[in-house]
Amino acid sequence: MLLWKIFFLFRKKNEHGNFSIFRCKNCKSGFVHPYPDEEQLTNYYENDKYRNTSVNEIIEQENIFPNTTLDAERIIYNFNKFKNSSQNNLLDIGCGYGWFCKIAKEHNFNVTATELNKNCRKISFDLSKIHPLKRLVDDKFSEEFQDHFDFIILSQILEHLKIDNKLLNNINKILIPGGIICVAVPNFGSFLSFLQGKKDMFIIPPEHINFFTLEGLKILFLKNNFEIIKHETVSRYNKSKFKKFLLFRFLLFPFLDLFFSISDKLKKGMFLNIYFKKKH
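From a predicted model like this one, the values you see are computed outputs, not experimental measurements.

> Please provide a residue-by-residue account of the overall build of the protein, values included.
Helix and strand counts for the protein come out as 10 helices and 10 strands. Here the protein has a C-alpha radius of gyration of 19 Å; the compact-globule value for 280 residues is 19 Å, and the two agree. In terms of principal-axis extent, the alpha carbons of the protein reach across some 55 × 45 × 40 Å. Looking at the protein as a whole, 50% of its 280 residues qualify as buried. Surface accessibility of the protein: about 14800 Å² in total, with carbon and sulfur atoms responsible for 56%. Across the protein, the 41 positively charged side chains and the 30 negatively charged ones have centroids separated by 6 Å.

See the structure below:
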């Protein structure tokens, strides 16, 4: 981005530091500037306390609030709908706890996954029986897997990474011509983000260092040999988190349901889901 196209938005202070948030005047996406250095990010994600839980707790949480499984089923359905090859080689980049790996495997996809955090890698294997690779999608990875994958999932990952053309070029290399990539990120252009302002629950540096709008993602991928084939927003909230409003839930939940339903119809919901196809 040219410097004159960005402007300072606000500062976000937490236990990890005091971060400056900037926004692009054209696409309205935001980002931390300067980006945290590599050592800070590595220490953050490889810390033993990061996502230190058990597979039983993860399953229990999903049973209470079905969320990731619903997202995985929807994305796999769309992959099958858009596919133009008999192959089902799928890469889940930054697979987290492995729900997408599990669901994709159940739908007969050949799944490869990457994940840097060892706690997540263990849970992912316990859940899906797939061993995630402790690897970045770098030059070496793209050379090894060039034109190998028919599908790529980037779910809740781009907001964590330093975005540059090198990353997008490597993703482009490992995807076959006509292959499909699904990007899912918090929507910085949502009605909820606008209402929360500086208190946006997804502005949590250094864990999140990018804050995308639909236009920002379109610009990023379209200039890197991709075309958009579908986009939508998905809003979902955990009603069990509102225990202190128990007496008012008969008013609160219908209001929130209506608010998020309208938000999604107007493509202003909580999470962006965008499907891109690699050009031939």
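Let's pick the thread back up.
> Requested: an account of the sheet that holds strand β1 (residues 6-14), with residues and values cited.
Consider a sheet: its strands pair through backbone hydrogen bonds, and that pairing is either parallel or antiparallel. An order of β1-β2-β3-β8 is seen for the 4 strands of this open sheet, with the pairing classed as antiparallel. Single-partner strands in this sheet number two, and they are β1 and β8 (210-211). Here 8 bridges tie β1 to strand β2 (residues 17-24), and the two strands are oriented antiparallel to one another. Considered in β2, the bridge of Asn14 is made with Gly17.

> Now, about helix α10 (residues 249-265): what can you tell me, with residues and values included?
Taking 1.5 Å per residue as the helical rise, α10 with its 17 residues ought to reach 24 Å, and the 24 Å between its terminal C-alpha atoms agrees with that figure. Restricting attention to buried positions, one finds in α10 the residues Phe253, Leu256, Phe259, Phe260 and Ser263. Seen from one end, α10 has its buried residues packed into an arc of 130°, which puts them on one side. Of the exposed residues in α10, the ones pointing more than 90 degrees away from its buried face are Phe250, Leu251, Phe255, Leu258 and Lys265. The secondary structure elements touched by the buried residues of α10 are α8 (191-196) and β9 (226-234). After α10 finishes, the residue Lys267 shows a positive phi value of roughly 60°.

> Tell me about the pattern of salt bridges, and please be specific about residues and values.
Enumeration according to the criterion identifies 10 salt bridges in this entry. A salt bridge links Asp126 to Lys122, with the shortest nitrogen-to-oxygen separation between them at 3.0 Å. With Asp126 and Lys122 both in helix α5 (residues 118-128) and 4 residues apart, the pair spans about one turn of that helix. Residue classification places Asp126 among the partly exposed positions, given a relative accessible area of 28%. In this structure Lys122 comes out as exposed when scored by relative accessible area, which is 55%. A single salt-bridge network, built from bridges that share partners, covers Asp71, Arg74, Glu232 and Arg236.

> Mind laying out the packing of helix α4 (residues 99-106) against α5, listing which residues take part and the relevant values?
Where α4 meets α5, the closest approach of the two axes is 8 Å, and the angle between their N-to-C directions is 25°. As the angle between them shows, α4 and α5 are arranged roughly parallel. Remark: the crossing between α4 and α5 carries right-handed chirality. Across the interface between the two elements, Trp99, Cys101, Lys102 and Lys105 from α4 touch Ser124, Leu127 and Ser128 from α5. The residue makeup of the contact of α4 with α5, split by class, is 3 nonpolar, 2 polar and 2 charged.

> How would you summarise the sheet that holds β9 if you had to cite specific residues and measurements?
What the 6 strands build is an open sheet, ordered β5-β4-β6-β7-β10-β9; its pairing is mixed. Because the sheet does not close on itself, it has two edges, and the strands there are β5 (110-114) and β9. Between one strand axis and the next, the sheet turns through 15° on average, direction left out of account. In this sheet, strand β7 (residues 175-186) lies alongside strand β6 (residues 149-155) in parallel orientation, the contact comprising 6 bridges. Counted as the bridge partner of Leu154 is Val183 from β7. With respect to the sheet, α4 is in contact with β4 (89-93), β5 and β6, its orientation differing from that of β5 by roughly 170°. Strands β7, β9 and β10 (271-278) of the sheet are contacted by helix α9 (residues 214-222), whose axis makes an angle of about 20° with β10.

> Please give an account of the side chain of Ser155 that cites residues and values.
Within the secondary structure, Ser155 sits in strand β6. If near-sequence neighbours (up to four positions away) are discounted, Ser155 is found in contact with Phe100 and Ala184.

> Break down a nonpolar patch on the surface for me, with residues and values.
Residues Leu258, Ile262 and Leu266 make up a contiguous nonpolar surface patch of roughly 280 Å² in combined accessible area. Topologically, Leu266 is positioned in the loop between α10 and β10.

> How would you summarise empty space enclosed by the protein if you had to cite specific residues and measurements?
Inspection of every chain in the model, using the stated rule, returns 2 cavities of 30 Å³ or more. Lining the largest cavity we find Glu159, Pro186, Asn187, Phe188, Ser193, Asp200, Phe202, Ile203, His208, Asn210, Phe211 and Phe212. Residue composition of the lining of the largest cavity, grouped by class: 6 nonpolar, 4 polar and 2 charged. Empty space within the second largest cavity amounts to approximately 30 Å³.

About the criteria used
Sequence order sets the numbering: in each chain, residues are counted from 1 along the sequence as written. This being a predicted model, a pLDDT of at least 70 is required before a residue's local features are given, and a value of 80 or more before pairs of side-chain atoms are given or counted; all residues contribute to the totals for chains, interfaces and linings. Processing note: side-chain calculations cover all non-hydrogen atoms of the structure and skip hydrogens and water entirely. The helix count covers DSSP runs of H or I at least four residues long, the strand count covers runs of E at least two residues long, and both are numbered beginning at the N terminus. Throughout, radius of gyration means the C-alpha value; the globule benchmark is 2.2 Å times the number of residues raised to the power 0.38. Three labels apply to residues, based on accessible area from a 1.4 Å probe with only protein chains included: buried if under 20% of the type maximum, exposed if over 50%, partly exposed otherwise in between. Each accessible area is a Shrake-Rupley result for a 1.4 Å probe, and residues are judged covered by the shown protein chains and nothing else. Residues counted as positive are Lys and Arg, residues counted as negative are Asp and Glu, and His and the chain ends are not counted. Taken as the charge location is NZ of Lys, CZ of Arg, CG of Asp or CD of Glu. We treat two strands as partners when DSSP finds at least two bridges between them. The span one expects for a helix is its residue count, reduced by one, times 1.5 Å. To obtain the arc, one takes the directions from the helix axis to the C-beta atoms. Contact definition: two residues touch when any of their heavy atoms are within 4.5 Å. Take a side-chain nitrogen of Lys or Arg and a carboxyl oxygen of Asp or Glu: if they are within 4 Å of each other, that pair is a salt bridge. Angles shown run from 0 to 180 degrees and are taken between the N-to-C directions of axes, each axis being a line fitted to C-alpha atoms and, for helices, limited to the stretch in contact. Note on angle classes: values under 35 degrees are labelled roughly parallel, values over 145 roughly antiparallel, values of 65 to 115 roughly perpendicular, and the remainder oblique. Each crossing gets its hand from how the near helix is turned against the far one by less than a right angle, where anticlockwise is left-handed and clockwise is right-handed. Under the convention adopted here, Pro, Cys and the residues Ala, Val, Leu, Ile, Met, Phe, Trp and Tyr are nonpolar, Asp, Glu, Lys and Arg are charged, and Gly plus all remaining residues are polar. Distance thresholds for patches are 9 Å for like charges and 5 Å for nonpolar side chains (Val, Leu, Ile, Met, Phe, Trp, Tyr), applied to residues having over 30% relative accessible area and no salt bridge. With a 1 Å grid spanning the protein atoms alone, the term cavity applies to any set of points in which a 1.4 Å probe fits but cannot get out, the term pocket to an open set with protein on both sides within 12 Å along at least five of seven lines, and the term lining residue to any residue with an atom within 4 Å of a point. Grid points are joined across faces, edges and corners, and a volume is the space filled by probe spheres set on the points.

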